[in-house]
Amino acid sequence: MTTLTHRTRRTEVSKNSEKKVESEEDTNQERSLDNEDSGDSKDIRLTLMEEVLLLGLKDKEVLLKSDSPTGDVLLDETLKHIKATEPTETVQTWIELLTGETWNPFKLQYQLRNVRERIAKNLVEKGILTTEKQNFLLFDMTTHPVTNVTEKQRLVKKLQDSVLERWVNDPQRMDRRTLALLVLAHSSDILENVFSSLTDDKYDVAMNRAKDLVEQDPEVEGTKHSATEMIWAVLAAFNKS
């Protein structure tokens, strides 16, 4: 079950708290979505997988329309598998294969190896994480603590703003990358981490709006004009798992 089905330390959003935030909604809905990432760092560019891993640290067919190389090792490895497969598989099957959640002996070659560690190493190279060894009696374990707290805070604030100050109440009008990140964060059970620094009232509003978003019918949303079908296909696959 995901974060959105667990409310261990918060109460249901009250009508008063919803009204406080909704009072600014009309004005915020008119804000240009082209400026969604205007405050982002210009020096550090993260992939969606790196952002999801970073959000999950404490202090999935692919979202592409082309099989051309992307420059990201993991993504290119995934595309290579998908391109070479006949007959084609469904999004849900690819998620199960690539994450190792299926043990079909004829499909083991499609599993991506050491995904978390490889993404963590990418973040180390970008100066966001570091590498340390921790001793656990009989063995040492490699860990990757966050060193660039500013970058993580920027990412957290971006998602918080997307369901508060920049909330547009329509997934078709949301920045596509932000929508994808919310879906992946929900499916990875880390949204509570993202919203935990908010006040109680804002936390409840953020969680309820995120809950409403990911509980949309993917089959309906994916057929709407200008919809990014792959995002909804991935959400549908996670909902079925």
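A few points on the structure. Just so it is clear, the structure is predicted and the values come from calculations on it, not from any experiment.

1. Quick look at the overall build of the protein chain
Here comes step 1: In terms of helices and strands, the protein chain carries twelve helices and two strands.
Here comes step 2: Walking the protein chain from its N terminus toward its C terminus, one meets helices and strands in the order α-α-α-α-α-α-β-β-α-α-α-α-α-α.
Here comes step 3: Total accessible area computed for the protein chain in this model is approximately 14,200 Å², and 50% of it derives from carbon and sulfur atoms.

2. Remarks on the packing of helix H8 (residues 176–187) against helix H12 (residues 229–240)
Here comes step 1: Following both chains from N to C, one finds H8 and H12 inclined at 5°, their axes separated by 10 Å at the closest point. Considering the angle they form, H8 stands roughly parallel to H12. Packed against H8, whose contacting residues are Arg176, Leu179, Ala180, Val183, Leu184, His186 and Ser187, the element H12 presents Ile231, Trp232, Val234, Leu235, Phe238 and Asn239 at the interface.
Here comes step 2: Split into classes, the residues belonging to the contact of H8 with H12 amount to nine nonpolar, three polar and one charged.

3. Comments concerning a nonpolar patch on the surface
Here comes step 1: Together, Phe136, Leu137, Leu138, Phe139 and Met141 make up a nonpolar patch on the protein surface, roughly 610 Å² of accessible area in all.
Here comes step 2: Tracing the chain through its elements places leucine 137 in the loop between strand E1 (132–136) and strand E2 (139–143).
Here comes step 3: Here leucine 137 falls in the exposed class, since its relative accessible area comes to 80%.

4. A short note on the pairing of E1
Here comes step 1: Relative to E2, E1 is paired through five bridges, and the arrangement is antiparallel. Bridge pairing in E2 links lysine 133 to threonine 142.
Here comes step 2: Once E1 ends, the chain turns through two residues before running back antiparallel as E2, passing leucine 137 with a positive phi of about 60°.

5. Some thoughts on the pattern of salt bridges
Here comes step 1: For the structure on display, the rule yields eight salt bridges.
Here comes step 2: Measuring nitrogen to oxygen at the nearest pair gives 2.7 Å for the salt bridge that ties lysine 157 to aspartate 161. One end of the pair is lysine 157 and the other is aspartate 161, both in helix H7 (residues 149–162) and four residues apart, which spans about a single turn.
Here comes step 3: Overall, the relative accessible area of 16% leaves aspartate 161 in the buried class.

6. Details of the environment of methionine 141
Here comes step 1: Among the structural elements, methionine 141 can be located in strand E2.
Here comes step 2: Other than its neighbours up to four places away in sequence, methionine 141 contacts Glu132, Lys133, Gln134 and Phe136.

7. Remarks on helix H5 (residues 91–98)
Here comes step 1: Buried within H5 we find Val91, Trp94, Ile95, Leu97 and Leu98. Taken end-on, H5 shows its buried residues confined to a sector of 165°, consistent with a single buried face.
Here comes step 2: Of the surrounding secondary structure, the elements contacted by the buried residues of H5 are helix H4 (73–84) and H12.

8. Details of the environment of lysine 107
Here comes step 1: For lysine 107, the location among the structural elements is in the loop between H5 and helix H6 (115–125).
Here comes step 2: Considered as a pair, lysine 107 and leucine 97 are ten residues apart in the sequence and their alpha carbons are 7.1 Å apart.
Here comes step 3: Not counting the four nearest positions on each side in its chain, lysine 107 is found in contact with Glu89 and Leu97.

9. A look at helix H3 (residues 48–56)
Here comes step 1: A large share of H3 lies buried, amounting to seven of its nine residues.
Here comes step 2: Among the residues of H3, those classed as buried are Leu48, Glu50, Glu51, Val52, Leu53, Leu54 and Leu55.
Here comes step 3: Where the residues of H3 are buried, they touch H6, H7, H8 and helix H9 (191–195).

10. What to know about the packing of H7 against H8
Here comes step 1: H8 packs onto H7 with a crossing angle of 100° between their chain directions and a minimal axis gap of 11 Å. The orientation of H7 relative to H8 falls into the category roughly perpendicular. Residue-level inspection shows Leu155, Lys158, Leu159 and Ser162 of H7 in contact with H8, the latter providing Arg177, Thr178, Leu181 and Leu182.

11. Considering unusual backbone geometry
Here comes step 1: Positive phi, close to 60°, is recorded for asparagine 169, a residue that is not glycine.
Here comes step 2: Its location among the elements puts asparagine 169 in the loop between H7 and H8.
Here comes step 3: One non-glycine residue, serine 226, lies in the positive phi region at around 70°.
Here comes step 4: Mapped onto the elements of the fold, serine 226 is located in the loop between helix H11 (218–221) and H12.

Quick notes on the rules
- Residues numbered from 1 in each chain as written.
- Predicted model: local features only at pLDDT ≥ 70, side-chain atom pairs only at ≥ 80, totals over all residues.
- Heavy atoms only, no water.
- Helix = DSSP H or I, 4+ residues; strand = E, 2+ residues; numbered from the N terminus.
- Areas by Shrake-Rupley, 256 points an atom, 1.4 Å probe, with all protein chains shown as cover.
- Axes fitted to C-alpha atoms, helices over the stretch in contact; angles between N-to-C directions.
- Parallel < 35°, antiparallel > 145°, perpendicular 65-115°, else oblique.
- Contact = heavy atoms within 4.5 Å.
- Nonpolar A, V, L, I, M, F, W, Y, C, P; charged D, E, K, R; others polar.
- Patch = residues over 30% accessible without salt bridge, like charges linked within 9 Å, V, L, I, M, F, W, Y side chains within 5 Å.
- Salt bridge = Lys/Arg side-chain N within 4 Å of Asp/Glu carboxyl O.
- Buried < 20%, exposed > 50% of the residue type's maximum accessible area, 1.4 Å probe, protein only.
- Pairing = 2+ DSSP bridges.
- Arc of directions from axis to C-beta.

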